[in-house]
Structures are given as structure tokens and as C-alpha cells.
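# Structural characterization, general
Here is what each chain is made of, one letter per residue.
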Amino acid sequence: MANEAATLTPLGAEIWIADGPVIDFYRIPFPTRMTVIRLASGDLFLHSPIAFSAGLAAELDALGPVRHLVSPNWIHYAYIGDWAARYPDAICWASPGVRDRAASRGVEIAFDRDLGDDAAGDWAGDIDQLIVHGSKAHTEVVFFHRKSRTLVLTDLIENMHAGDLPRWVRPLARLGGILAPNGKMPLDIWMSFAGNRDKLRAALARMLDWQPDIVVLAHGDILRENVPQRLREGFRGLSPTGHSH
Ligand SMILES: [Fe+2]
């Protein structure tokens, strides 16, 4: 998983992933993943860019112009500045809270625009979008690429292999509910929606309405089988609005 080895893998029609280096987050090693979508315009949409490498950039250049550098939530922004430096014409998109978070860490990123509750006009023809509101701790922007029927999540569901984690982390990961093949919303994020589960429910209902065939996660195994059921499990058995009993 060395960065030099990061390479694009096709996931479906006009969509690719690249798995990047493992990063240290509060001393816990997290595998990282970028999702790349080529819009009908030909422009590339980079969701949660991983560490820059010349090899990866060359692969992207062969696909089209790198246009959108997207931070999907307040803790996924680390490499956007590096990509922006190499692609000065690209637009840096801020998620809710990311400007303050990056600034508080001394990371200077010139975010150009803010992601909203609706898809930006730049990609509304290709990608649906929503912001999952209701948590004081974690606000994430979720995307659905229609052509490949791919839902792109970041941290809302994690599905990591115990064997990829150091031994001391495994009990924590199990407790947090983030181990494959049954990885879920991390417990701390789930708790942060307490009192606002209706908002999470509404967001889940929209995701299910999109009828995704595949769910990309930033950390861990992609969900490819029984997606509606896995999505409901991922959201900890929450009954989506309109389907509740
Ligand atoms: Fe993450």
C-alpha cells in the first residue's frame, strides 16, 4: 500500500478508486481510498484525494482534466492542498466544518466553494448529493453516481479487516462496530446522532431511494452484495423514514 503503488482501479462505468497509504489517525492506522468520477463534461471529480503521487496524476491525466477536489467531511482534507498545488485550475470544495478544522491544524487550503445540500451545478447531471445532518460531531456529504449506481460514503460506514489493524486496536475496532464483513457506522459517530436519529433516518431513506448497486467506503471493504440490507445494517438497523413500522 505504498504510495508509489497507488493506482486507479475501475469500479464501474466512469468511476475508479485508488487505495492510498495507511494514515495515522489518533495513532490508529487507517487505510485510505479516493474515488474518481468522470463527469459527462469529461472533467474529473476526486472524492477524498489520497496522497499525491506523480504516477497517480499521470493516470488521471490520461482520463481527463482534474477539476474537482472534494473534501467530503471535516476530517478528510489532508491532501487537497497538494493536489491543488499541482492542478491550480481545479476547484477545492469544502465540507461543513472543514475550513475551521484545517485552520486549527495549521493546514492552509484555499477552498474555493462549499458543498451544499444539493448537488452543485457542475455535477448535478451525473451525481446526486446530500448532507447528513443531525450530528454535532460529524457532518458528511454523501454522493451517488447515477451511471454506475455507486453510493460514495466516507466515514459513515467503515468495514476494515482486523488483520490489517495492530492487535491492540482490534478490540476497539470490534467495539466500534467497524470490522468486516459487518462493518457499520463507528459507534462514536452513531452516538453523536442521539436525539437526531430522524435526520439520519431521512438521509438513509434517500440513499436507499437512489437504489445503489455498490457502496464505496473510504476505509475498508466496498459493499457489493445485498446492498440495501448492508446499508441498513451499516446504519445500525435504523428504519428509514417511510419504511418504519
Ligand atoms: Fe476517515
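See the structure above.
Structural notes, computed from the coordinates. (Residues numbered from 1 in each chain as written. Predicted model: local features only at pLDDT ≥ 70, side-chain atom pairs only at ≥ 80, totals over all residues. Heavy atoms only, no water.)

Of the regular secondary structure elements, the chain holds seven helices and eleven strands. Taking 18 Å as the expected radius of gyration for a compact globule of 245 residues, we find that the chain reaches 17 Å, a close match to that expectation. By its C-alpha atoms, the chain is 50 × 40 × 35 Å across when sized along the principal axes. Evaluated residue by residue, the chain yields a buried proportion of 52% over its 245 residues. (Helix = DSSP H or I, 4+ residues; strand = E, 2+ residues; numbered from the N terminus. Rg over C-alpha atoms; globule rule 2.2 N^0.38 Å. Buried < 20%, exposed > 50% of the residue type's maximum accessible area, 1.4 Å probe, protein only.)

Moving on: the pattern of salt bridges. The final tally for this structure, using the stated rule, is seven salt bridges. Between R230 and E233 there is a salt bridge; the shortest N-O distance is 3.4 Å. In this pair, R230 and E233 both sit in helix α7 (residues 227-234), three residues apart, roughly one turn of the helix. With relative accessibility at 30%, the residue E233 sits in the partly exposed group. (Salt bridge = Lys/Arg side-chain N within 4 Å of Asp/Glu carboxyl O.)

Okay, the coordination of the iron ion next. Within the protein, H76 (NE2), D155 (OD) and H219 (NE2) serve as the donor atoms for the iron ion, at 1.9 to 2.1 Å. Donor residues binding the iron ion come from one chain and are separated in sequence as H-x78-D-x63-H. Note that H76 is positioned in the loop between β5 (66-70) and α2 (80-86) and H219 in the loop between β11 (214-216) and α7, a separation of 143 residues in sequence. The class for H76 is buried, based on a relative accessible area of 13%. Residue H219 is classed as buried on the basis of its relative accessible area of 2%. (Donors = N, O, S within 2.8 Å, 3.2 Å for Na, K, Ca; no water.)

Attention now moves to the layout of surface pockets. By volume, the largest pocket is sized at about 990 Å³. Lining the largest pocket we find 38 residues, and of these F25, Y26, F30, I75 and E158 sit closest to its centre. Where the lining of the largest pocket is concerned, the elements lending two or more residues are β2 (15-25), β3 (28-38), α4 (170-176) and α5 (187-192). For the lining of the largest pocket, the class distribution of residues is 25 nonpolar, six polar and seven charged. (1 Å grid on protein atoms, 1.4 Å probe; cavity = no way out; pocket = protein on both sides within 12 Å on 5 of 7 lines; lining within 4 Å. Points joined across faces, edges and corners; volume = space filled by probe spheres on them. Nonpolar A, V, L, I, M, F, W, Y, C, P; charged D, E, K, R; others polar.)

This paragraph deals with the pairing of strand β9 (residues 140-145). Counting buried residues in β9 gives six out of six residues, a clear majority hidden from the surface. Of the two faces of β9, the one holding E140, V142 and F144 and the one holding V141, F143 and H145 are both buried throughout. Looking at chain direction, β9 and strand β10 (residues 150-152) are connected through three bridges and run antiparallel. For F144, the partnering residue across the bridge sits in β10 and is L151. Two successive antiparallel strands, β9 and β10, enclose a turn made up of four residues, where R149 displays a positive phi of approximately 50°. (Pairing = 2+ DSSP bridges.)

The next thing to look at is the side chain of R33. Assignment of secondary structure puts R33 in strand β3. Polar contacts involving the side chain of R33 include one to the side chain of D19, which spans 2.6 Å. Among the polar contacts listed, one links the side chain of R33 to the backbone oxygen of G220, at a separation of 2.6 Å. Excluding residues within four positions of it along the chain, R33 makes contact with I17, A18, D19, H47, S48, I50, V216, L217, A218, G220 and I222. (Polar contact = N/O pair within 3.5 Å; in protein donor to acceptor, adjacent residues only side chain to side chain. Contact = heavy atoms within 4.5 Å.)

Within the fold, W16 resides in strand β2. Each C-alpha atom, one on W16 and one on R67, is 15 Å from the other, the two residues being 51 residues apart in sequence. Setting aside chain neighbours within four positions, we find W16 in contact with L8, T9, P10, L11, M34, T35, V36, R38 and L63.

Together, L175, L187 and M191 give the surface a local cluster of nonpolar side chains, amounting to about 310 Å² of exposed area. Topologically, M191 is positioned in helix α5. (Patch = residues over 30% accessible without salt bridge, like charges linked within 9 Å, V, L, I, M, F, W, Y side chains within 5 Å. Areas by Shrake-Rupley, 256 points an atom, 1.4 Å probe, with all protein chains shown as cover.)

In this section: the sheet that holds β3. The strand order β1-β2-β3-β4-β5-β6-β7 describes an open sheet built from seven strands, whose pairing is mixed. Only two strands of the sheet have a single partner each, and these edge strands are β1 (8-12) and β7 (113-114).

What follows deals with the packing of aromatic side chains. Counted according to the given criterion, the structure contains seven aromatic pairs. Here the aromatic rings of F45 and F143 are separated by 5.3 Å at their centres, their planes lie at 75°, and the arrangement is edge-to-face. Residue F45 is located in strand β4 (residues 44-47), and its partner F143 is located in strand β9; the two are separated by 98 residues in the primary sequence. Of the two residues, F45 and F143, neither departs from the other in class, the shared state being buried. Where F144 meets W210, the ring centres are 5.6 Å apart and the plane angle is 10°; that geometry is what we call stacked. (Phe/Tyr/Trp six-rings, centres within 6.5 Å; stacked < 30°, edge-to-face > 60°.)

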